[in-house]
Amino acid sequence: MSKFLFVVPPFFGHISPTLSVGASLIARGHQVAWAGIREIAPAHVPAGGRFIVPHAELEEHLPEIQRILKRQDDGPHISGAETLKLALEETYLPFCRFLMKGLPRIVDEFQPDVIINDCITFAGAICAYNKGIPCVTTTPVPPDVGGDAMSAPKVHAWWVRHIMALQEEFGIYAPASVVNSDKLNIVFTSQEFSGIAHPPPHMKFVGPVKGRPNDTPFDWKRLDKATSPKVYVSLGTLLVDIRREFFSKLVTAFADQPLTIVAATSPDIFEQWPDNFMVQGYVPQSQLMAKMDAVICHGGFNTVNDTFMNGLPMLITPIAYDHFHTASLIEKAGCGIKLRYKRLRINDLRSAMWQLLENPQYRNAASRIRDTFIQAGGNSKAVEYLETFVEECKMINVKFQM
Amino acid sequence: MDQLTQPTNLSEQEILDVLKQFITEVIGEEFVEDLEITPQSSFTKDLEMDSIEIVAFSEKVKAHFGRNIDFTGWLSNMDLDEIIQLNLGDITKYIRSCL
């Protein structure tokens, strides 16, 4: 049996698939821990696992960590180029420096056989490199290989310059980036959906991984009585002002339509909702999806995965960050329609939704994506890659010691 | 002798008026109403154009001002801060320099 340490950022979309894979590793008898700069709700940590935050080393940085987390709310209001700067310079790099204060101690105490760093949580890979521990990377969203801005040579050079400087801060003078594993990178989507024709051999697409059961109550009787097509809407955990504006557009577009809208949002953003809207803050999303005909979301990856695991067509309204890349993949796959959040017209919303519901090509394409997701193997494939990797590393170690 | 107006003689203001028209066509009249388009308007921040809109815009620029204008090539040689700062005035000057 082996010891696995996941190193994760304070963003639940990135943590969630690692919790799922971690639970599967624990079920196979392995020891699993997580390290990060912010605690998560204890209920989310799989039984038998530990989530470790180096509180003592982080204490003096707490105000700055809070400020950076709050700064993420600016994402929807800034341009793509500014978002890149915000991500690398204002978020990933400082978070790496904070976590490096306590991570080496956690690693010394836990003694993992493998460190699994999330793709934007560079501290995991840096610590692994410095301590000679094998490193795997997890990537929750389809990687944007050669994205619009990153394909500009000076922008790419800017990224590389920052990564190399960061590595040197921690005594690494490798000629190339070590902040993501070049041995094994587990990606939680399918290769077909990612649109990457020739991925590097260490990039393994395992598709969505299953979360823990969600037994949040829901008015299933009312839902089952509804006879009109059912549309699920989720905006993730974005700002309240965006939420109001977004849902007021949806209300205008769909209040008089023969549709049943299930909206995952706090009902108190409006005094009154139309009769065909079912509104609830926290919902059992995976169970709900099974009863839906279409989904509207901004492109948060957990919802995207749930949608296509159920073979549903999607109306995607990208707002910021990686949403635009995800939206372009959905359009390429033909399993949905993209409407930009910034310039959302009521008529477009309405006609796009009826297109999705009435033109079978969208649902057929969504079913094809579901098939690729299932074939990718999910949890058991991720566990297989990790177990094979750790066994190979142990064998190499034994050879070196002989 | 009568002569057609050569593009070289276009003033920055004339180019700007054409660009305003293209922006309106690309992002939609109802959304332009809320925007004040000036030479200082930044391309990505004030006009909030995404990559698809930028491609559509540059196609229009090429079709109108000629093939010498390699708008996307010009953009891809910028660093992040230049992209963030880029405004309509810069684009007008660039077009003029290509004519």
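Here the structure is a predicted model, which means the values were calculated and not measured.

Visitor: Which residues make up the overall build of chain A, and what values go with them?
Guide: Within chain A, the regular secondary structure consists of 15 helices and 13 strands. At 22 Å, chain A has a C-alpha radius of gyration in line with the 21 Å of a compact globule built from 402 residues. Its C-alpha atoms give chain A principal-axis dimensions of roughly 75 × 40 × 40 Å. With 402 residues in all, chain A has 44% of them scored as buried. Nonlocal contacts in chain A, meaning residues at least 24 apart in sequence, comprise 64% of its contacts between residues at least 6 apart.

Visitor: So, the UniProt feature "domain: Carrier" (unreviewed entry) in chain B: which residues are in play, and what are the values?
Guide: Taking the numbering used here, the UniProt-annotated feature "domain: Carrier" (unreviewed entry) corresponds to residues 13-91 of chain B. Spanning residues 13-91 of chain B, this segment combines 63% helix with 0% strand, and its end C-alpha atoms are found 12 Å apart.

Visitor: Can you tell me about the interface of chain B and chain A, naming the residues and giving the values?
Guide: Opposite the 15 residues of chain B that make contact, chain A presents 17 residues. In terms of residue class, the side of chain B that touches chain A is made up of 6 nonpolar, 5 polar and 4 charged.

Visitor: Describe the environment of A:D268, naming the residues involved and giving the relevant values.
Guide: Residue and element names in this part refer to chain A. With respect to the element layout, D268 can be found in the loop between β9 (260-264) and β10 (277-280). With 8 C-beta atoms packed within 10 Å, D268 lands in the exposed category. Separated by 13 residues in sequence, D268 and G281 have C-alpha atoms that sit 9.3 Å apart.

Visitor: Break down the sheet that holds strand β7 (residues 203-205) of chain A for me, citing the residues and quoting the values.
Guide: All names here are of chain A. Pairing in this open sheet of 7 strands is parallel, and the strands run β3-β2-β1-β4-β5-β6-β7 from one edge to the other. The open sheet has two edge strands with one neighbour each: β3 (50-52) and β7. Taken pair by pair, the neighbouring strands of this sheet meet at an average axis angle of 25°, ignoring direction. Where strand β6 (residues 185-187) meets β7, 3 bridges bridge the pair, whose relative direction is parallel.

Rules behind the numbers
Residues numbered from 1 in each chain as written. Chains lettered and ligands numbered in written order. Predicted model: local features only at pLDDT ≥ 70, side-chain atom pairs only at ≥ 80, totals over all residues. Helix = DSSP H or I, 4+ residues; strand = E, 2+ residues; numbered from the N terminus. Rg over C-alpha atoms; globule rule 2.2 N^0.38 Å. Buried ≥ 20, exposed ≤ 12 C-beta atoms within 10 Å, placed from the backbone. Contact = placed C-beta atoms within 7 Å. UniProt positions renumbered as here; feature names shortened; annotations may be inferred. Nonpolar A, V, L, I, M, F, W, Y, C, P; charged D, E, K, R; others polar. Pairing = 2+ DSSP bridges. Axes fitted to C-alpha atoms, helices over the stretch in contact; angles between N-to-C directions.

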